[in-house]
Amino acid sequence: MSAVYARAHVLSCPTRWSDVDENGHINNARLVGYIQEGIYDLFCHHATAVRESLFPSGFIIARHEIDYLEQLHHGPEPLAVRLTVERLGRSSAQVEVNVCREPLTFMRARTVVVARDRESGRSRELTQNERRFLSAFMADTARGDAPTVGVQPTVPAQRVATRSGGGVVPSHGSRRRCLASAG
């Protein structure tokens, strides 16, 4: 199940008992799988991407940069895999992915996703429709003049401060605050 929040795409993703490693927490490699599931959901299952036949030859993951912030344990509550587009290139999008379960963010990643040409298997330039689609998931400050026609976020984001010890973690630079909440 996925949702659209203000300038973000969020996939609800359950953990599984089989994701747990010998240390009793979700294995780091499985956390990478959550990133990939979120990206696949945005690029291949989002209603606009399907309706407009965007990314017909798929995409290639060119890079993952990952910060593991907290240990994640299996539980009944699903994770929120929140994706925002930070930057668009000629053939690529840099996507920030946050894996959260309120109120914590367990992992933050920056992933470079490249549009793929079916015949050559290499990168290709993003189409105008693909750029418009992806720009709808950019923060206003990153978007500049990027148009958002055809894709409108529907649910406002809600920020949640994380309690650590006895105090509230400051919002500036906080690594563990979950930004995937919805009221």
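Our structure is the block above this text.
These remarks concern the structure in this document. Predicted model only: the values in this text are computed from it and were never measured.

**Concerning the pattern of salt bridges**
Thought 1: Applying the stated criterion across every chain yields a total of 9 salt bridges.
Thought 2: The closest approach of N and O atoms between Asp19 and Arg16, which form a salt bridge, is 3.6 Å.
Thought 3: By relative accessible area, Asp19 is classed as buried at 4%.
Thought 4: Between Arg110 and Glu96 there is a salt bridge whose closest N-O contact spans 3.4 Å.

**Quick look at the nonpolar core**
Thought 1: If you look at the biggest cluster of nonpolar residues, it comprises 34 residues, and the most contacted ones within it are Tyr34, Phe43, Val81, Val85, Phe133 and Leu134.
Thought 2: Of all the elements in the fold, those that place two or more residues in this core are β2 (8–13), α1 (28–45), β4 (79–88), β5 (92–101), β6 (104–115) and α3 (128–135).
Thought 3: Looking at this core, the element that brings in the most residues is α1, giving 6 residues.
Thought 4: In this view, Tyr34 contacts Cys13, Pro14, Thr15, Asp19, Ile26, Leu72, Leu79, Val81 and Val99; residues no more than four positions away in its chain are not counted.

**Some thoughts on α1**
Thought 1: Over its 18 residues, α1 runs 25 Å from end to end, which matches the ideal 26 Å to within 8%, given 1.5 Å per residue.
Thought 2: Every buried residue belonging to α1 is among Arg30, Leu31, Val32, Gly33, Tyr34, Ile35, Gly38, Ile39, Asp41, Leu42 and Phe43, and all of these are buried.
Thought 3: Looking at where α1 begins, the residue whose side-chain oxygen comes 2.7 Å from the main-chain nitrogen of Ala29 is Asn27.

**Focus on the packing of aromatic side chains**
Thought 1: Tallied over the entire structure, the rule returns 4 aromatic pairs.
Thought 2: Seen in terms of ring centroids, Phe43 and Phe59 are 5.1 Å apart; in terms of plane orientation they differ by 45°. Their pairing is tilted. One end of the pair, Phe43, is in helix α1; the other, Phe59, is in strand β3 (residues 59–68), and 16 residues separate them in sequence.
Thought 3: Arranged with centres 5.4 Å apart and planes meeting at 75°, the rings of Phe133 and Phe137 form a pair that is edge-to-face.
Thought 4: Through successive ring pairs, a cluster of aromatic residues spans Phe43, Phe55, Phe59, Phe133 and Phe137.

Cut-offs applied
Throughout, residues of each chain are indexed from 1 in the direction in which the sequence is written. It should be noted that, the model being predicted, local features are given only for residues of pLDDT at least 70 and side-chain atom pairs only at 80 or more, the latter also being counted only at that level, while totals for whole chains, interfaces and linings use all residues. Here the side-chain values reflect all heavy atoms present in the structure, with hydrogen atoms and water set aside. Any Lys or Arg side-chain nitrogen located within 4 Å of an Asp or Glu carboxyl oxygen qualifies as a salt bridge. Working definition: with a 1.4 Å probe on protein chains only, accessible area under 20% of the residue-type maximum means buried, over 50% means exposed, and in between means partly exposed. We define the nonpolar core as a collection of buried residues of types Ala, Val, Leu, Ile, Met, Phe, Trp, Tyr and Cys that are connected through side-chain atoms lying within 4.5 Å of one another. Put simply, DSSP H or I for four residues or longer makes a helix, DSSP E for two residues or longer makes a strand, and each gets a number counted from the N terminus. Contacts: residue pairs with any heavy atoms within 4.5 Å of one another. The span you would expect from a helix comes to 1.5 Å times its residue count less one. Any pair of nitrogen or oxygen atoms within 3.5 Å is treated as a polar contact; in protein, a donor-acceptor pairing is required on top of that, and neighbouring residues in sequence qualify only through side-chain atoms on both sides. Note on aromatic contacts: the rings of Phe and Tyr and the six-membered ring of Trp form a pair at centre separations within 6.5 Å, being stacked when their planes are under 30 degrees apart, edge-to-face when over 60 apart, and tilted otherwise.

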